[in-house]
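Analysis of the macromolecular model
Spelled out from the first residue to the last, the chains are:
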Amino acid sequence: MKRVIAIANQKGGVGKTTTAVNLAASLAATKRRTLLIDLDPQGNATMGCGVDKAQIARGSCEALLGESDVASALVTVEPAGLSLLAANQDLTAAEVRLLTMIAGREIKLRAALKPVRDNFDVILIDCPPALNMLTVNALVAADSVLIPMQCEYYALEGLSALLATIEQIRAAANPPLELEGILRTMFDPRNNLANEVSAQLIQHFGDKVFRTIIPRNIRLAEAPSFGRPVLFHDKESRGALAYLALAGEMIRREDEERETAARGAEGPASAPASSESGPTQSVNGGGAEAAAGNGAEAVTTTADGMPGFAMIGDHDAKEA
Ligand code: ADP
Ligand code: MG
């Protein structure tokens, strides 16, 4: 598990915010010092933590613009025991301000986080549903990207644009950026198409697909209206258990990586192919070759997202 994880997908309604809030709560429940950053002007992660977005004096907007340091803009969220950098629609104005800056606009969040990075074991960033300057700031600040995906027909198409953006960010500003993993959300195993898309994901991305699957679960959809992570709404629910399992999977993977690295450091026998080439092995399996060349204008130039990737942004919890 990397320290700063951007939760990104330019599609709306795929479970980014639900994942950000509930994974943050699950990691905090394992005693990890956890910071959740709301980087979406909709402020859904903020509200999902029970913080009134109309009452924010300082939050991610001020932090991005350098009007406040992050430390003094944090809110403690109880009972989850996590820290929140809150957001509301002011972030839209902040993004516009960023766009008018000539230099350094992509590194604002990274710079703002620097002084607090080591105060936390994990920092999760809830991105807006667009490949805009806010998302670019998140990707530049991040060590890795977690991509929530609904296993439906257009999901894979959107994924290649996102992977291309990640590739560009790596090339331009943040070479160590890794793919933390692809998370299947709102999964309904009775849906044949969902199973097919899921199989394709595994075929392309192998163990970059989290084993943990987040099921469609009404408790997850309800919890925000109580201003709580699902763990504090119905801890026995399948949704709560799924996000705990995801936290467990990430922690386990981290332990395994550490062991592998330690073994590599010990034994002289373990380095046939030069030294450790770092964590950037195939970030995106089958999608990588497509990622390098296309969509080159998405990152540095525009704020208007990629054409053809609508911000669905709906918040329907279609549950049977
Ligand atoms: P995003 O942040 O990607 O736009 P959200 O996390 O806000 O997506 O989810 C979109 C809608 O779907 C919300 O109403 C949310 O409550 C609901 N939702 C998300 N995940 C689940 C799930 N696993 N089961 C049921 N409803 C879900
Ligand atoms: Mg959201």
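The notes below deal with the structure included here. (Residues numbered from 1 in each chain as written. Chains lettered and ligands numbered in written order. Predicted model: local features only at pLDDT ≥ 70, side-chain atom pairs only at ≥ 80, totals over all residues. Heavy atoms only, no water.)

Let's shift gears to the side chain of glutamate 180. Looking at the element boundaries, glutamate 180 is found in strand β7 (residues 178-187). Among all residues touching glutamate 180, those that are not within four sequence positions of it are Met1, Lys2, Ile5, Ser144, Val145, Leu146, Lys208, Phe210, Met250 and Arg253. (Helix = DSSP H or I, 4+ residues; strand = E, 2+ residues; numbered from the N terminus. Contact = heavy atoms within 4.5 Å.)

Enumeration over the complete set of coordinates arrives at 12 salt bridges. The residue arginine 33 makes a salt bridge to aspartate 121 at a minimum N-O spacing of 3.0 Å. Here aspartate 121 lies in the loop between α5 (108-113) and β5 (122-126) and arginine 33 lies in the loop between α1 (16-29) and β2 (34-38), a separation of 88 residues in the sequence. Residue aspartate 121 is classed as partly exposed on the basis of its relative accessible area of 31%. Of the charged contacts in the structure, one is a salt bridge between arginine 117 and aspartate 143, with a shortest N-O distance of 3.2 Å. Taken together, the residues arginine 117 in the loop between α5 and β5 and aspartate 143 in the loop between α6 (133-141) and β6 (144-150) connect sequence positions 26 residues apart. Taken together, the shared-partner salt bridges connect Arg219, Glu222 and Asp234 into one network. (Salt bridge = Lys/Arg side-chain N within 4 Å of Asp/Glu carboxyl O. Buried < 20%, exposed > 50% of the residue type's maximum accessible area, 1.4 Å probe, protein only.)

The next subject is unusual backbone geometry. Of the consecutive residues glutamate 78 and proline 79, the connecting peptide bond is found in the cis state with omega at 5°. With respect to the helices and strands, the residue proline 79 is situated in the loop between β3 (74-77) and β4 (82-85). Of note in this structure, lysine 31 is not a glycine but carries a positive phi near 75°. Considering the arrangement of structural elements, one finds lysine 31 in the loop between α1 and β2. Phi at methionine 186 takes a positive value of approximately 50°, unusual for a residue other than glycine. Within the element layout of this structure, methionine 186 appears in strand β7.

Further remarks concern the site of ligand 1. Looking at ligand 1, there are 16 residues lining it, with Gly13, Thr17, Thr18, Pro215 and Asn217 nearest. Lysine 16 places a polar side-chain atom, nitrogen or oxygen, 2.9 Å from an oxygen atom of ligand 1. Compared with its free state, where it exposes 550 Å², ligand 1 has 94% of that area covered by protein. It is α1 that provides the largest number of residues to the shell around ligand 1, a total of 3 residues. Residues of the shell around ligand 1, tallied by class, amount to 6 nonpolar, 7 polar and 3 charged. (Near = heavy atom within 4 Å. Polar contact = N/O pair within 3.5 Å; in protein donor to acceptor, adjacent residues only side chain to side chain. Areas by Shrake-Rupley, 256 points an atom, 1.4 Å probe, with all protein chains shown as cover. Nonpolar A, V, L, I, M, F, W, Y, C, P; charged D, E, K, R; others polar.)

Core analysis: the largest hydrophobic core is formed by 53 residues, its most contacted members being Leu113 and Ile147. The leading source of residues in this core is α6, at 7 residues. In this view, leucine 113 contacts Val4, Leu35, Ile37, Val70 and Ala141; residues no more than four positions away in its chain are not counted. Formed by 37 residues, the second largest nonpolar core is a distinct cluster that contains Ala45, Val122, Ile214 and Ala240. (Core = buried A, V, L, I, M, F, W, Y, C linked by side-chain atoms within 4.5 Å.)

Along the polypeptide, leucine 36 turns up in strand β2. Of the residues examined, leucine 36 reaches a relative accessible area of 0% and is grouped as buried. Along the backbone, leucine 36 and valine 4 are 32 residues apart, and their C-alpha atoms lie at a distance of 9.9 Å.

Counted by the stated rule, this structure contains 2 cavities of 30 Å³ or more. Every residue along the wall of the largest cavity is listed here: Asn9, Lys11, Val14, Met149, Gln150, Glu152, Ala155, Gly158 and Leu159. Put simply, the parts of the chain that give the lining of the largest cavity at least two residues each are β6 and α7 (155-172). If one sorts the elements of the lining of the largest cavity by residue count, α7 sits on top with 3 residues. (1 Å grid on protein atoms, 1.4 Å probe; cavity = no way out; pocket = protein on both sides within 12 Å on 5 of 7 lines; lining within 4 Å. Points joined across faces, edges and corners; volume = space filled by probe spheres on them.)

The subject of this paragraph is the packing of aromatic side chains. Geometry of an aromatic ring pair is reported as the spacing of the ring centres plus the angle between the planes. Tallied over the full model, the rule gives 1 aromatic pair. Measuring from ring centre to ring centre gives 5.1 Å for tyrosine 153 and tyrosine 154, while their planes differ by 70°; the resulting arrangement is edge-to-face. We note that tyrosine 153, like tyrosine 154, is exposed. (Phe/Tyr/Trp six-rings, centres within 6.5 Å; stacked < 30°, edge-to-face > 60°.)

All right, on to a nonpolar patch on the surface then. Together, Tyr153, Tyr154 and Leu193 make up a nonpolar patch on the protein surface, roughly 370 Å² of accessible area in all. One can find tyrosine 153 in the loop between β6 and α7. (Patch = residues over 30% accessible without salt bridge, like charges linked within 9 Å, V, L, I, M, F, W, Y side chains within 5 Å.)

In this model helix α10 (residues 238-266) runs 42 Å from its N-terminal to its C-terminal C-alpha over 29 residues, within 8% of the 42 Å that 1.5 Å per residue would give. Turning to α10, its buried residues number three or more, namely Gly239, Ala240, Ala242, Tyr243, Leu246, Ala247, Glu249, Met250, Ile251, Arg253 and Glu254. Buried residues in α10 make contact with β1 (4-7), α1, β6, β7, β8 (209-215) and α9 (218-222). (Expected span 1.5 Å × (residues − 1).)

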